[in-house]
Amino acid sequence: MGRMLLLPSLGPFHILHPRYNAATVLALLEEARPPVLYLASLSEEALREGVWREEDPLLFHLLPWAEARGVPVVALDAEAHLKGEAEAFREALAQHPLGAPYLERMQALDQELLGLLRTPLTPEVLGGEAFLARLQALYRAFAAAFGEGPATGFRQRRMAQVAEALRGKEGAVVADLLDYALLAEAFPQALPQAHTPTEGERERALLDRAWQLREEDDWAGLLEGLFAIGSPEALYLAAQVYLAAGEWREALALMEEVLRMDFHHPGYLPGYVLARFGQLLDLAGERERALRAYRGALALSWIPEEARAIALAGLRTPFRLGG
């Protein structure tokens with residue numbers, strides 16, 4: 001106790017990293033037992049209103065964890081609204097006749113950041129000098145080229161305020177990757193260390209792999225692993241594998257099973273389950289039930305954009321394979 005742990009969120013990129021996935025972050029939090037969970041890159045308003053669902057899918061795992069353990073969650077970015085300035089800056093550049101070379105330079109730096117996000121990441125790599133030096137150099141290059149202010153969404157100013165708010169506190173801090181790069185300079189003693197993977201991390205890695213199902217994957221091996229996990233998310237993903245293989249009857253039987261379970265966690269799952277269930281019912285010729293499933297998906301208080309698109313398309317036209 002008495003210490004701070006600083007962890008980067010990779011947002012949607014966690015699913016690429018079996019050694020730093022959502023379950024890794026939870027395992028590191030379990031080890032640290034923080035009295036408070038601080039969110040450096042979100043405002044209280046964004047946390048309260050659920051804006052984080054679009055910004056950071058990691059919180060689908062972190063918030064239930066904190067709630068189950070009675071750990072208060074505090075969002076620290078008092079000026080998060082300034083993040084939008086970076087987007088406005090790019091839009092203004094795109095409309096300016098001389099903006100093209102600047103946009104190209106921005107895109108080159110974006111690609112460099114994506115390249116860094118796609119290298120194998122582990123807690124010790126993320127907390128290591130080499131990775132942080134590259135990340136900080138990348139941010140400095142961006143700020144030098146375009147100015148520290150609207151172009152960066154006032155990141156330096158916002159994170160200076162967050163660092164001030166954290167001074168002398170104990171707990172765990174989760175920050176977007178570039179915010180993490182700035183906070184790491186303020187709290188070098190709080191960086192993540194090497195840790196032994198848990199069973200939960202191995203299961204999460206398998207689920208993450210199934211979400212990215214590819215032609216060259218070992219589908220039989222994936223199915224075996226998913227059935228061994230047996231959670232609603234695992235069975236939903238197993239149904240996805242069957243559907244991808246054209247075996248929709250097996251997929252439908254599995255989805256019926258998921259619907260008999262409590263499939264409300266993670267929070268992105270219900271929308272996907274109901275939208276996909278509608279498609280499978282359409283394949284079975286059960287149009288009335290399919291329509292109910294699509295409407296059920298759209299009636300949820302929040303639904304992922306992809307699932308919403310599936311449900312809306314299903315309401316218009318019965319789903320068919322290959323179409």
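**As for helix α8 (residues 129–146)**
Helical geometry: 3.6 residues make up each α-helical turn, so side chains three or four residues apart lie on a common side. Counted at 1.5 Å a residue, the expected span for α8 with its 18 residues is 26 Å, and the 26 Å between its end C-alpha atoms agrees. Every buried residue of α8 is accounted for by F131, L132, L135, Q136, L138, Y139, F142, A143 and F146. Buried residues along α8 cover an arc of 150° about the axis, so they all sit on one side. Turned more than 90 degrees away from the buried face of α8, the exposed residues are E129, A130 and A144.

**Observations concerning the nonpolar core**
By size, the foremost hydrophobic cluster in this structure holds 102 residues, and its most contacted members are L37, L135, L177, Y180 and L183. Each residue touching Y180, except ones within four places of it in the same chain, is listed here: L6, L7, P8, L126, G127, L132, L135, A175, L191 and P192.

**Things to note about helix α15 (residues 269–283)**
Between the first and last C-alpha of α15 there are 21 Å, a value that for 15 residues agrees with the 21 Å anticipated at 1.5 Å per step. Burial analysis of α15 places 15 of its 15 residues in the buried class, the great majority of the element. Residue G285 follows α15 closely and has a positive phi angle near 80°.

**Observations concerning the pairing of strand β1 (residues 4–9)**
In the case of a regular strand, side chains alternate between the two sheet surfaces. Of all six residues making up β1, six are buried, and the element is well covered by its neighbours. Alternating residues of β1 divide into M4, L6 and P8 and L5, L7 and S9, and every residue in both groups is buried. Two strands pair when backbone bridges link them, and β1 and strand β4 (residues 171–176) are joined in this way by six bridges, in the parallel orientation. Along β4, the bridge assignment pairs S9 with D176.

**Thoughts on the packing of α15 against helix α16 (residues 287–298)**
Relative orientation of the contacting elements α15 and α16 amounts to 165°, with a least axis distance of 8 Å. Between α15 and α16, the interaxial angle falls into the category roughly antiparallel. Between α15 and α16 lies a crossing of left-handed hand. Residues G271, L274, A275, F277, G278, Q279, L281 and D282 of α15 pack against R287, R289, A290, A293, Y294, G296 and A297 of α16. Of the residues belonging to the contact of α15 with α16, the class tally is eight nonpolar, four polar and three charged.

**Re the confidence of the model for the protein chain**
Model confidence for the protein chain is summarised by a mean pLDDT of 90, while 90% of its residues fall at 70 or above. Least confident of the elements in the protein chain is helix α5 (residues 84–95), whose mean pLDDT is 65; most confident is α16, at 98.

**A short note on unusual backbone geometry**
Residue H265 is joined to P266 through a cis peptide bond whose omega torsion reads -10°. Residue position: P266 is located in the loop between α14 (248–259) and α15. Here the phi dihedral of R33 falls at roughly 45°; this positive angle occurs in a residue that is not glycine.

**Details of the environment of A205**
For A205, the location among the structural elements is in helix α11 (residues 199–211). C-alpha separation for the pair A205 and I15, spaced 190 residues apart in sequence, amounts to 7.2 Å.

**What about the pattern of salt bridges?**
This structure, assessed with the given rule, holds 13 salt bridges. Taking the shortest distance from any N to any O, the salt bridge between E233 and R204 comes out at 2.9 Å. Note that E233 is positioned in helix α13 (residues 232–244) and R204 in helix α11, a separation of 29 residues in sequence. Since its relative accessible area comes to 8%, R204 is described here as buried. Put simply, E256 and R289 hold a salt bridge, and the shortest N to O gap is 3.4 Å. Taken together, the residues E256 in helix α14 and R289 in helix α16 connect sequence positions 33 residues apart. We classify E256 as partly exposed; its relative accessible area is 23%. For R289, a relative accessible area of 29% translates into the label partly exposed. Several salt bridges share partner residues, and in doing so they unite D77, R155, R158 and D179 into one network.

What counts, and where the lines are drawn
Residues numbered from 1 in each chain as written. Predicted model: local features only at pLDDT ≥ 70, side-chain atom pairs only at ≥ 80, totals over all residues. Heavy atoms only, no water. Helix = DSSP H or I, 4+ residues; strand = E, 2+ residues; numbered from the N terminus. Expected span 1.5 Å × (residues − 1). Buried < 20%, exposed > 50% of the residue type's maximum accessible area, 1.4 Å probe, protein only. Arc of directions from axis to C-beta. Core = buried A, V, L, I, M, F, W, Y, C linked by side-chain atoms within 4.5 Å. Contact = heavy atoms within 4.5 Å. Pairing = 2+ DSSP bridges. Axes fitted to C-alpha atoms, helices over the stretch in contact; angles between N-to-C directions. Parallel < 35°, antiparallel > 145°, perpendicular 65-115°, else oblique. Left-handed = near helix turned anticlockwise from the far one by under 90°. Nonpolar A, V, L, I, M, F, W, Y, C, P; charged D, E, K, R; others polar. pLDDT = per-residue confidence, 0-100. Salt bridge = Lys/Arg side-chain N within 4 Å of Asp/Glu carboxyl O.

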